[in-house]
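Below, each chain spelled out in residue letters.
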Amino acid sequence: GTDAPLIPHGENAHELKALVNRGMTAAAAIQTATINSADLLGLKDRGEIKVGLRADLIATSADPLEDIEALKKLSMVMKKGVRYF
């Protein structure tokens, strides 16, 4: 859930898989990269999906809670309300 240069932008799902491989649940790994990171940075309006808050969204065709690698195969990306694919 950082902008660390170890994993380039667009490859962030590899970090989540590494967390799961080391014992974290998929839900906890996803929360680490979203709501928890936003909260730690004092940007809570960036980590929740709620009316009135800013949020970027992704969609997958598979359940990432069942298979964290589903986050490597996105079917939709939305940033600031604009759908990119």
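The structure presented is a predicted model; accordingly, all values stated were derived computationally and were not measured. (Residues numbered from 1 in each chain as written. Predicted model: local features only at pLDDT ≥ 70, side-chain atom pairs only at ≥ 80, totals over all residues. Heavy atoms only, no water.)

## Here we look at the sheet that holds strand 1 (residues 57–60)
In step 1: Spatial strand order, 1-2-3: three strands in an open sheet with antiparallel pairing. Edge strands, defined here as strands with exactly one partner in the open sheet, are strand 1 and strand 3 (82–83).
In step 2: Here four bridges tie strand 1 to strand 2 (residues 74–79), and the two strands are oriented antiparallel to one another. Pairing of Ile-58 across the sheet is with Val-77, part of strand 2. (Pairing = 2+ DSSP bridges. Helix = DSSP H or I, 4+ residues; strand = E, 2+ residues; numbered from the N terminus.)

## Quick notes on the pattern of salt bridges
In step 1: Counted under the stated rule, the structure contains three salt bridges.
In step 2: Of the charged contacts in the structure, one is a salt bridge between Lys-17 and Glu-69, with a shortest N-O distance of 2.9 Å. A residue pair is termed long-range when its members are at least 10 positions apart, and Lys-17 in helix 1 (residues 13–21) and Glu-69 in the loop between strand 1 and strand 2 qualify at 52 residues.
In step 3: The exposure class of Lys-17 is partly exposed, given its relative accessible area of 26%.
In step 4: Classification of Glu-69 as partly exposed rests on a relative accessible area of 26%.
In step 5: The residue Lys-79 makes a salt bridge to Asp-56 at a minimum N-O spacing of 3.4 Å. (Salt bridge = Lys/Arg side-chain N within 4 Å of Asp/Glu carboxyl O. Buried < 20%, exposed > 50% of the residue type's maximum accessible area, 1.4 Å probe, protein only.)

## Remarks on the confidence of the model for the protein chain
In step 1: The predicted model of the protein chain averages 84 in pLDDT, with 92% of residues at 70 or higher.
In step 2: When mean pLDDT is taken per element in the protein chain, strand 1 scores highest with 92 and helix 3 (residues 35–40) scores lowest with 81. (pLDDT = per-residue confidence, 0-100.)

## So, the environment of Ala-70
In step 1: In this fold, Ala-70 is placed in the loop between strand 1 and strand 2.
In step 2: Accessibility expressed as a relative area gives 6% for Ala-70, which makes it buried.

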